[in-house]
Every structure is written in structure tokens, then in C-alpha cells.
Amino acid sequence: MEIKAAVIYEQSAPFSIEELEMCDPNDDEVVVRIVAVGICHTDLAARDMHLPIPPPPSVFGHEGAGVVEKVGSRVRKVEPGDHVALAWDYCGACPSCKSGRELYCLNFFLHNFNGARPDGTTTLRKDDQVIHGSFFCQSSFATFALANERNVVKVRDDVPLEILGPMGCGVMTGAGAVMNSLRAQPGSSIAIFGVGTVGMSAVLAAVVCGCTTIIAVDVTPDRLEKAKQFGATHTINASEVDPVEAILDITGGGPEFSLECVGNPAVFRQAVDILPRLGVCGLLGVVPPGTEVSLNMDLIMNGRTVRGILGGDAIADLFIPKLIELYSQGRFPFDRLITFYPFEEINKAVEDMEKGRVIKPVLRV
Ligand SMILES: [Zn+2]
Ligand SMILES: [Zn+2]
């Protein structure tokens with residue numbers, strides 16, 4: 001079928017909206033008419049070839065939401081007309097997947113970064129030229145996306161679909177880290193370093209969990225102000241004060257939990273250094289492969305935990321509907337992170353995001 005998609009033709013080049021041909025769904029695949037799609041830093045990392053992906057031309061986009069248009073013959077989860085949010089793909093057969101931790105799929109790259117289906121077949125072309133697709137098994141910077149039954153999440157249809165794309169990545173990651181990974185208890189304390197989409201979703205989740213000390217750390221005054229509106233009890237501008245000292249002071253010895261949502265070794269070190277005994281630091285920020293950090297081994301030895309967290313340890317099919325329920329009750333207003341753009345203005349949206357003018361740009365397709 002004919003689709004329109006935002007194509008990257010060269011590393012770090014602007015997006016170019018093109019008419020492409022997308023192939024028919026296989027037995028286990030789903031064609032989704034994209035209503036809106038969020039832009040995430042991982043899309044830009046892919047544009048810049050900082051991920052192990054095939055060279056351009058490529059279509060990225062992995063926070064798609066839309067309506068099921070067509071399903072393969074073996075698909076049972078959804079049917080045409082269903083509203084869906086798209087999430088990450090996984091193999092379903094490896095030890096991680098079999099133990100219910102699909103986000104840690106051992107075949108993650110093959111299912112998300114192959115530029116093609118896992119079997120190597122490609123799904124997009126322009127005339128005779130193959131265009132790499134299947135990014136996070138969706139490539140949803142497009143009017144239509146080809147997903148697998150595995151990574152479509154059926155959502156209720158009485159909630160605006162155009163806000164739901166970021167659920168499948170940034171929002172799930174931040175909220176899930178607090179709710180699923182840290183399992184923050186009512187009355188507990190948490191420091192969140194970096195309040196972009198992921199960190200801000202973590203702030204909202206900390207409120208839902210009943211944390212009574214929620215410290216947001218960032219270098220952008222606007223974001224700190226928004227974090228306060230979202231329920232942060234304290235904000236720290238790390239460009240003005242030493243966050244370690246300030247947090248130890250506020251908490252009287254350190255918060256039970258910290259989250260690193262920046263992807264910076266110096267910030268990670270701060271997020272660990274503030275922990276009291278038995279404190280847990282979750283690492284969410286994405287860094288280039290091979291990035292190293294130095295930590296105080298003696299501190300960690302004394303009962304502290306440092307762990308990497310992918311996708312908020314969520315099972316998307318179960319977790320996203322829960323977040324949507326919280327949203328619809330007014331208890332998880334993540335939509336206030338979103339700035340909408342028409343699809344044609346994708347390059348403007350990217351620029352605004354890179355300059356820090358917006359938190360979560362979402363393209364209306
Ligand atoms: Zn993402
Ligand atoms: Zn797997």
C-alpha cells in the first residue's frame with residue numbers, strides 16, 4: 001500500500017516526507033493507521049547512527065498510536081478499528097521473554113534495530129530503492145505502520161488517541177521505574193535526576209505511589225517549575241547548587257530511591273552518592289556504548305543497589321492500560337508534557353526538542 005513517511009536519507013540529515021510503498025502484513029502482523037507519534041531521543045540517536053542499525057535510507061519513529069487498519073490471518077489480539085499504542089518488539093522465545101521480562105529480550109536488536117523484519121525481509125521501498133523500516137517493529141513516522149501482534153497494545157477508545165504514543169516508550173519507562181522496579185512505598189523519598197519525559201513521568205508516578213519527598217533535579221528552570229506543578233516537593237537547579245549536598249540536606253541523609261534519567265556519568269555518580277544504606281539507584285538515562293563511570297565501591301558494598309532499568313520493567317499490554325486508567329481519573333496528567341505539531345513540521349519539532357523548548361513533541365499524522 002501507498003504510505004507517506006518521514007525518511008532519513010543520510011546520517012544526521014533532516015527528515016524528508018516521501019511517498020513510499022509498504023508491503024502487506026504477514027500472518028502475525030498488524031497494519032496501523034497512525035494518528036499521532038511522539039519523537040524520542042532514541043529516534044535522533046538513530047538518525048545520527050549512534051545505534052547499531054543499518055545505514056540510511058530509513059524510517060524511524062517508535063511512539064506511534066493509531067487505529068488498526070488490517071490484520072494478518074493469525075492475529076487474535078486486535079481487529080480492524082481497535083485503538084492501539086505501539087511498544088517495543090521482542091522475540092517471545094528467549095529466556096528473558098519466557099520469564100516475562102520481554103524488555104530484556106536477548107534478541108532485542110534483531111527485533112527493533114534490524115531495519116527489516118527479524119528474518120531480514122524489508123517492508124518499505126520507494127520505487128526500486130529499499131528503505132529500512134521495522135524500527136522498533138513500527139517505523140511510525142508515517143501515515144501507516146507495520147507492527148507485529150506482539151508490540152501492539154490495545155487501548156480503550158474513550159481516551160484521546162493522539163496523546164497515547166509516548167506511552168509505549170518514555171512515559172512507560174519513567175512511570176514503570178517507580179511503580180514496577182523500585183516499587184516505591186507511600187511515605188518514601190526519591191530523587192529524580194533529569195526531568196524530561198522520562199523523569200517527569202517518574203515524578204507523576206512517585207505522586208501516585210504516595211512518595212512524600214520527591215526531589216526533581218535539572219538545569220532548566222521551566223522544567224523544574226513544571227516538576228513542581230506535577231507534585232515534586234523540592235526542586236534543585238544543578239547548575240546553581242551542588243545537588244548531592246542539597247539532597248542530603250533535604251532528606252537528612254539521602255533518599256531511599258534515586259533515578260538517573262540523563263545518561264551522564266557525572267550525574268549517575270551523584271545519584272549513587274546520595275543514597276543511604278539500602279538505598280536503590282535506577283539507571284534510565286541512555287549513554288553511547290562503552291561509556292564508563294567511577295563509583296565508590298565501599299558505598300555500594302554497604303547495602304546500596306545500582307541497577308539498569310529498561311522500559312520501566314513493564315509488560316506493555318498490562319501496564320499501559322493501567323496508566324491510561326490513572327490518566328482518565330486525573331491522577332496521571334502526562335498529556336501536559338506534550339506539544340503537538342503537524343506531521344509536515346517534523347523538522348521544526350525536532351529542532352524545538354533539541355533546543356529544549358519542548359519536552360515531548362508529538363506529530364499529528
Ligand atoms: Zn523512545
Ligand atoms: Zn526474547
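Please refer to the structure higher up on the page.
**Details of unusual backbone geometry**
Working step 1: At the junction of Pro56 and Pro57, the peptide bond is cis and its omega measures out at 10° in the coordinates.
Working step 2: Along the chain, Pro57 turns up in the loop between helix 1 (41–47) and strand 4 (58–59).
Working step 3: The backbone of Ser134 sits at a positive phi, close to 55°, despite the residue not being glycine.
Working step 4: Structurally, the position occupied by Ser134 is in the loop between strand 8 (129–131) and strand 9 (144–148).
Working step 5: Judged by its relative accessible area of 11%, Ser134 is buried.

**Concerning the coordination of the zinc ion (ligand 2)**
Geometrically, a metal with four donors at the corners of a regular tetrahedron has ideal angles of 109.5 degrees, and one with six donors at the corners of a regular octahedron has ideal angles of 90 or 180 degrees.
Working step 1: Looking at the zinc ion (ligand 2), one finds its protein donor set to be Cys91 (SG), Cys94 (SG), Cys97 (SG) and Cys105 (SG), positioned 2.3 to 2.4 Å from the metal centre.
Working step 2: Geometry at the zinc ion (ligand 2) is tetrahedral, judged from its four donor atoms and the angles of 103 to 118° they form at the metal.
Working step 3: The sequence pattern describing where the donors of the zinc ion (ligand 2) fall on their chain is C-x2-C-x2-C-x7-C. Exposure class is identical for Cys91 and Cys94. Each is buried.

**A short note on the sheet that holds strand 16 (residues 305–308)**
Working step 1: Ordered in space as 13-12-11-14-15-16, the six strands form an open sheet in which the pairing is parallel. In this open sheet, the two edge strands, each paired with only one partner strand, are strand 13 (234–237) and strand 16. With strand direction ignored, the average angle separating the axes of adjacent strands in the sheet is 15°.
Working step 2: Of the strand pairs in this sheet, strand 14 (residues 257–260) and strand 15 (residues 280–283) are connected by four bridges, and their pairing is parallel. Bridge assignment links Ser258 to a residue of strand 15, and that residue is Cys281.

**Observations regarding the coordination of the zinc ion (ligand 1)**
Working step 1: All of the protein donors around the zinc ion (ligand 1) are Cys40 (SG), His62 (NE2) and Cys169 (SG); their distances to the metal are 2.0 to 2.2 Å.
Working step 2: Binding-site remark: the zinc ion (ligand 1) is held by donors from one chain whose sequence spacing is C-x21-H-x106-C. Placement of the pair is Cys40 in the loop between strand 3 (29–38) and helix 1 and Cys169 in the loop between strand 10 (152–154) and helix 4 (170–181), with a sequence separation of 129 residues. Of the two residues examined, Cys40 and Cys169, each falls in the buried class.

**Looking at the sheet that holds strand 2 (residues 16–22)**
Working step 1: If you trace the five strands from one edge of the open sheet to the other, you get 4-1-2-7-8, paired in antiparallel fashion. Lying at the two open borders of the sheet, with one neighbouring strand each, are strand 4 and strand 8.
Working step 2: Across two bridges, strand 1 (residues 2–8) lies against strand 4 in antiparallel orientation. Following the sheet pairing, Val7 is matched in strand 4 by Val59.

**Section: the side chain of Glu63**
Working step 1: With respect to the helices and strands, the residue Glu63 is situated in the loop between strand 4 and strand 5 (64–71).
Working step 2: Glu63 gets classed as buried once you look at its relative accessible area, which sits at 0%.
Working step 3: Reaching out from Glu63, the side chain makes a polar contact with the backbone nitrogen of Gly170 at a distance of 3.4 Å.
Working step 4: Within polar-contact distance, the side chain of Glu63 engages the side chain of Lys360 at 3.0 Å.
Working step 5: With near-sequence residues (within four places) excluded, Glu63 lies in contact with Ala36, Val37, Gly38, Ile39, Cys40, Gln138, Ser140, Gly165, Pro166, Cys169, Gly170 and Lys360.

Parameters at a glance
Residues numbered from 1 in each chain as written. Chains lettered and ligands numbered in written order. Predicted model: local features only at pLDDT ≥ 70, side-chain atom pairs only at ≥ 80, totals over all residues. Heavy atoms only, no water. Helix = DSSP H or I, 4+ residues; strand = E, 2+ residues; numbered from the N terminus. Buried < 20%, exposed > 50% of the residue type's maximum accessible area, 1.4 Å probe, protein only. Donors = N, O, S within 2.8 Å, 3.2 Å for Na, K, Ca; no water. Tetrahedral: all angles 85-135°; square planar, octahedral: opposite > 155°, others 65-115°. Pairing = 2+ DSSP bridges. Axes fitted to C-alpha atoms, helices over the stretch in contact; angles between N-to-C directions. Polar contact = N/O pair within 3.5 Å; in protein donor to acceptor, adjacent residues only side chain to side chain. Contact = heavy atoms within 4.5 Å.

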